[in-house]
Amino acid sequence: MKKKSTESEQIKTIINDPTFLIPEEDKEFLQSNNARGVRLQLDYLKAEVKMREEGIEHTIVVFGSARIIEFDAAIKQLEKVEKKLKKSPHSETLLSALKRAESMVRKSVFYDEARKLGQLVGESGKGPKDCHITLMTGGGPGIMEAANRGALDVGAKSIGLNIELPHEQFPNPYITPELCFQFRYFAIRKLHFMHRAKALVIFPGGFGTLDELFEILTLIQTEKSPNIPIILLGKSYWNNVINFDFLLEESVISSEDLDPIIYVENAEEAWDNILLWHQNNNTPLYE
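Residues numbered from 1 in each chain as written. Predicted model: local features only at pLDDT ≥ 70, side-chain atom pairs only at ≥ 80, totals over all residues. Heavy atoms only, no water.

As a volume, the largest pocket reaches approximately 470 Å³. Lining the largest pocket we find 20 residues, and of these Gly64, Ala66, Met144, Gly208 and Thr209 sit closest to its centre. Those elements that provide at least two residues to the lining of the largest pocket are α7 (186-195) and α8 (207-221). Tallied by class, residues from the lining of the largest pocket come to 9 nonpolar, 7 polar and 4 charged. (1 Å grid on protein atoms, 1.4 Å probe; cavity = no way out; pocket = protein on both sides within 12 Å on 5 of 7 lines; lining within 4 Å. Points joined across faces, edges and corners; volume = space filled by probe spheres on them. Helix = DSSP H or I, 4+ residues; strand = E, 2+ residues; numbered from the N terminus. Nonpolar A, V, L, I, M, F, W, Y, C, P; charged D, E, K, R; others polar.)

Okay, structure coming up:
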């Protein structure tokens, strides 16, 4: 009896040890450094399989600041700061906040243009249900929200590629639910941004927006990615942020490195230039 009892206890110990779990049920193993390769594959595969199932063939990718808000919200923020300034007119903190609020009101026009672009992409092709060309964003607020919102305005599907961050990024409510993904790795998220992209439309933004811009410029320059149009919306903003002419004068880039870049001022110009670019390059978006 004692032997059977000992064997029984030993079997329980074996079964209850994490080593006995099948790999996909062993969370500790899946989160380990040794399983990073598996996690990278899963990060890629889940979104890839779903997009294939949904018939996503090509995408128009929109980047831009998560901080840019629509006009009404920007005005409310400005009025709130102005109200506080009346009580403390010499507050440096409030004067600085006033400048930021005024700047956000000026930039709110880009929210409207991103929303319009979402509508244009959504209405293209054979109509909203046609996923041959589908809008894709980073899935967050600001410019991303506006573009997804525009697609929803016209009943079209759109994609959101969210990313797991220390301060969690919630998806905006305008993404098509079955096309809203969350990634662990920036590298895999970037791969999906470029995998089906037929154009990038880049609105004013900060570090993240600049990161995506230079990533694709480098990929095209090094012929790791097909040549596609890179639309920079808001020429004044971009000329202040990046002096491409200086880089050219310093001979650290070549003139052909700038060929993909097209400056526009509104959504209609952006969409027209995308269509024209593909027409001129014999890669029409719609046959």
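That covers the picture; the talk isn't over yet.
We now examine empty space enclosed by the protein. Applying the stated criterion to the full structure yields 1 cavity of 30 Å³ or more. Taken as a whole, the largest cavity holds about 40 Å³ of empty space. Lining the largest cavity, in full, are Val121, Gly122, Gly127, Pro128, Asp130, Cys131, Ile133, Thr134, Leu135, Ala156 and Lys157. Those elements that provide at least two residues to the lining of the largest cavity are α5 (92-123) and β2 (133-137). For the lining of the largest cavity, the element with the highest residue contribution is β2, accounting for 3 residues. Looking at side-chain class alone, the lining of the largest cavity contains 6 nonpolar, 3 polar and 2 charged residues.

Relative to the 24 Å expected for 17 residues at 1.5 Å per residue, helix α4 (residues 71-87) spans 25 Å between its end C-alpha atoms, a close match to the ideal helical length. Of the surrounding elements, those touching the buried residues of α4 are α5. (Expected span 1.5 Å × (residues − 1). Contact = heavy atoms within 4.5 Å.)

Before going further, it helps to spend a moment on the side chain of Glu54. In this fold, Glu54 is placed in the loop between α3 (36-53) and β1 (58-63). With relative accessibility at 18%, the residue Glu54 sits in the buried group. (Buried < 20%, exposed > 50% of the residue type's maximum accessible area, 1.4 Å probe, protein only.)

Across the 11 residues of helix α6 (residues 143-153), 9 count as buried, placing the element largely inside the fold. Every buried residue of α6 is accounted for by Ile143, Met144, Glu145, Ala146, Ala147, Asn148, Arg149, Gly150 and Ala151. Buried residues belonging to α6 abut β1, α5, β2 and β3 (158-163). Looking one or two places after α6, you find Gly155, whose phi comes out positive at around 80°.

Turning our eyes to something else, we now look at the sheet that holds strand β4 (residues 180-183). By way of backbone hydrogen bonds, the strands of a sheet pair with one another, either parallel or antiparallel. Taken together, 7 strands build an open sheet; the order of strands is β4-β3-β2-β1-β5-β6-β7 and the sheet is parallel. Both edges of this open sheet fall to β4 and β7 (261-264), since each of them pairs with a single strand only. This sheet shows a mean twist of 25° between the axes of neighbouring strands, independent of strand direction. Against the sheet, α8 engages β1, β5 (197-202), β6 (230-233) and β7, with an angle of about 150° to β6. Packed on one face of the sheet, helix α11 (residues 267-280) meets β1, β5, β6 and β7 and runs near 150° to β7. (Pairing = 2+ DSSP bridges. Axes fitted to C-alpha atoms, helices over the stretch in contact; angles between N-to-C directions.)

The values are spatial; any link to function lies outside them.
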